[in-house]
Amino acid sequence: MANLKILAVDDSPTMRRIIINTLKRAGFEDVVEACDGKDALAKMKVDKINFVITDWNMPEMDGLTFVSTLRSNAEYKSLPILMVTTRSVKDDIVEALKAGVNNYIVKPFTPDTLKEKIEQILAG
Amino acid sequence: MSENMPLQAKIQAEVAALATSIADIVQKFKGLHHPLAESKEKVPVATQQLDKISEQTEAATHQMLDMVEQIQVREEKVIDGLTKMSEISELTEPNAASGLISELKELAQTNLNDAYTIMDALQFQDITAQQMNHAASLLEDIEVKLQSIMAIMAGKSVEEVKASYSKDRVFDPNADLFDKRTDQEAIDSLFSKNK
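None of the values given here were measured: they were computed from a predicted structure.

Colleague: In this structure, what is going on with the overall build of chain B? I would like to understand it.
Modeller: Scanning chain B for helices and strands turns up five helices and zero strands. In chain B, the order of α-helices and β-strands from amino to carboxyl end is α-α-α-α-α. Taken against the 2.2 N^0.38 rule, which gives 16 Å for 195 residues, the C-alpha radius of gyration of chain B at 34 Å runs more than 25% over that of a compact globule. Over its C-alpha atoms, taken along the principal directions, chain B stretches across nearly 125 × 45 × 30 Å.

So, in structure tokens, the structure goes:
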């Protein structure tokens, strides 16, 4: 956990604050934030990110396009990605799975679920 | 109209009737213009009000987040302090104050847990903001339709009306605080099948 740098991508400043606070409580201290996919890609050029938590509905570049963009780049083929979104329709979840997310949480989430999914993904 | 009427007279009568009908329709359209214009004025006000609710709820949520984060920091310090006091008390006067210290620590921990619960509950703001964006988007659709009807009535271009509405609203139309279409267990099962 000490070396893990997490990128939290969400267009809602409220959600970013809640996610970052929850991550810090769970022991993940090193967190970078971005407001959409485009901003996230820019941040990833600067910081070495080991884990991505992303929303779906965002301006400029949505979460699904962001995930597809990452997966089309060899460098990010195996980067762990967790999607945290309000979209709970099964077809959407399947679409996110196909795009390459490692796991999926529907908002509102509980801190336990967030921690559990991160740990599951890291455990492989 | 009489069958013996000359053709030209029949045509003239038909044209006169048609002209009267057209004049009636024009009058009806003119009558429609006022309520349409009134609706066109009211719809954007409703949209603006929804945007204002979103903005002000977000500002209030951030104030609450500020307070909750400050409570967290203070309660963590209280728990740390009480833990140290407990250690000192054990060394100097075993059991004298340990009961009280344990009780205070428990209360501080309860406050901290409540602060976490408040913070988690503030996720409502993101979800209601999406619901309001959805409602605002529906109102904007109605506004565009009203503007288009009025543009047609005034002989203007509808495309110009549509082009002037370019606010990009991002929302999930199904965002809901309580009703999740797919529960976490089903999501987990979907992901474990596709590993």
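Colleague: So what exactly am I meant to see when it comes to the pairing of strand β2 (residues 31-34) of chain A here?
Modeller: Side-chain direction in a regular strand flips from residue to residue, so the side chains alternate between the two faces of the sheet. Residue and element names in this part refer to chain A. Pairing of strand β1 (residues 6-9) with β2, which is carried by four bridges, proceeds in the parallel orientation. When the bridges of β2 are listed, Ile-6 appears paired with Val-31. Following the chain from β1 across helix α1 (residues 13-25) to the adjacent parallel β2, one finds a crossover that is right-handed.

Colleague: I keep staring at the interface of chain A and chain B and nothing clicks. Help me out?
Modeller: Note on interface size: it is often stated as the accessible area lost on association of the parts. Taken together, the contact pairs 25 residues of chain A with 30 residues of chain B. Only α1, α4 (90-99), β5 (103-106) and α5 (111-123) of chain A provide two or more residues apiece to the side of chain A that touches chain B. When grouped by side-chain class, the residues that make up the side of chain A that touches chain B number 11 nonpolar, nine polar and five charged.

Colleague: Got a minute to help me understand helix α3 (residues 124-153) of chain B in this structure?
Modeller: Residue pairs spaced three or four apart in an α-helix point in one direction, given the helix's 3.6 residues per turn. Between the first and last C-alpha of α3(B) there are 44 Å, a value that for 30 residues agrees with the 44 Å anticipated at 1.5 Å per step. One or two steps after α3(B), the chain reaches B:Gly155, where phi turns positive at roughly 70°.

Colleague: Where do I start with the pairing of strand β4 (residues 81-85) of chain A in this structure?
Modeller: All names here are of chain A. Within β4, five of the five residues are buried, which leaves the element mostly enclosed by the surrounding structure. Taking every second residue as pointing to the same face, both faces of β4 are buried, with Ile-81, Met-83 and Thr-85 on one and Leu-82 and Val-84 on the other. With helix α3 (residues 63-71) bridging strand β3 (residues 51-54) and its parallel neighbour β4, the resulting β-α-β unit is right-handed. Relative to β5, β4 runs parallel, the two sharing four bridges. Residue pairing in the sheet places Met-83 in a bridge with Tyr-104 of β5. At this point the chain moves from β4, through α4, to the parallel β5, and the crossover so formed is right-handed.

Colleague: How should I be thinking about the sheet that holds β3(A) in this particular structure?
Modeller: Hydrogen bonds between backbone groups are what pair the strands of a sheet, and the pairing can be parallel or antiparallel. All names here are of chain A. Strand order in the open sheet formed by five strands is β2-β1-β3-β4-β5, and the pairing between neighbours is parallel. One side of each edge strand has no neighbouring strand; the edge strands of this open sheet are β2 and β5. Across the sheet, the mean angle from the axis of one strand to that of its neighbour is 20°, orientation sign disregarded. Strand contacts of α3: β1, β3 and β4, with the helix running at about 175° to β4, the strand carrying the most contacts.

Colleague: Looking at this structure, I do not really get the packing of α1(A) against helix α1 (residues 7-92) of chain B. What am I missing?
Modeller: What describes two packed helices is the angle between their axes and the distance between those same axes. One way to put it is that α1(A) packs onto α1(B) with a least axis distance of 10 Å and a crossing angle of 20°. In terms of axis orientation, α1(A) runs roughly parallel to α1(B). Between α1(A) and α1(B) lies a crossing of left-handed hand. Across from A:Thr14, A:Arg17 and A:Asn21 in α1(A), the residues of α1(B) making contact are B:Glu58, B:Thr61, B:His62, B:Leu65 and B:Glu69. The residue makeup of the contact of α1(A) with α1(B), split by class, is one nonpolar, four polar and three charged.

Colleague: Which parts of the structure should I look at to understand unusual backbone geometry?
Modeller: Backbone geometry follows two general trends: most residues other than glycine have a negative phi, and most peptide bonds adopt the trans configuration. Residues and elements named next belong to chain A. A cis amide bond links Lys-107 with the next residue in sequence, Pro-108, at an omega value of -5°. The topology assignment puts Pro-108 in the loop between β5 and α5. At Glu-60, a residue that is not glycine, the phi angle is positive and equals roughly 65°. Here Glu-60 lies in the loop between β3 and α3. Take Glu-60: there are 15 C-beta atoms within 10 Å of it, and that puts it in the partly exposed class.

Rules and cut-offs
Per-chain numbering applies: the sequence of each chain, read as written, is numbered from 1 onward. Naming scheme: in the order in which they are written, chains are lettered from A and ligands are numbered from 1. For this predicted model, a pLDDT threshold of at least 70 governs which residues receive local features, and a threshold of 80 or more governs which side-chain atom pairs are given and counted, while totals over whole chains, interfaces and linings are taken from all residues. Only DSSP runs of H or I covering at least 4 residues are called helices, and only runs of E covering at least 2 are called strands; the numbering of each starts at the N terminus. Radius of gyration: C-alpha atoms only; globule rule: 2.2 Å multiplied by the number of residues to the exponent 0.38. Pairs of strands are assigned from DSSP output, requiring at least two bridges between the strands. Orient the strands so they point away from the viewer, and a crossover whose first-strand-to-second-strand path over the helix runs clockwise is right-handed. The contact criterion used is a C-beta to C-beta distance within 7 Å, with each C-beta placed from the backbone. Under this grouping Gly is polar, as are all residues other than the nonpolar Ala, Val, Leu, Ile, Met, Phe, Trp, Tyr, Cys and Pro and the charged Asp, Glu, Lys and Arg. In this scheme, a helix's expected span is set at 1.5 Å multiplied by one less than its residue total. Counts of 20 or more other C-beta atoms within 10 Å of a residue's own C-beta define buried residues, counts of 12 or fewer define exposed ones, and intermediate counts define partly exposed ones; C-beta atoms are placed from the backbone. To obtain an axis, a line is fitted to C-alpha atoms, over the contacting stretch when the element is a helix, and the angle between two such axes runs from 0 to 180 degrees between their N-to-C directions. For this classification, under 35 degrees means roughly parallel, over 145 means roughly antiparallel, 65 to 115 means roughly perpendicular, and everything else is oblique. By definition, turning the near helix anticlockwise from the far helix through less than a right angle yields a left-handed crossing, and turning it clockwise yields a right-handed one.

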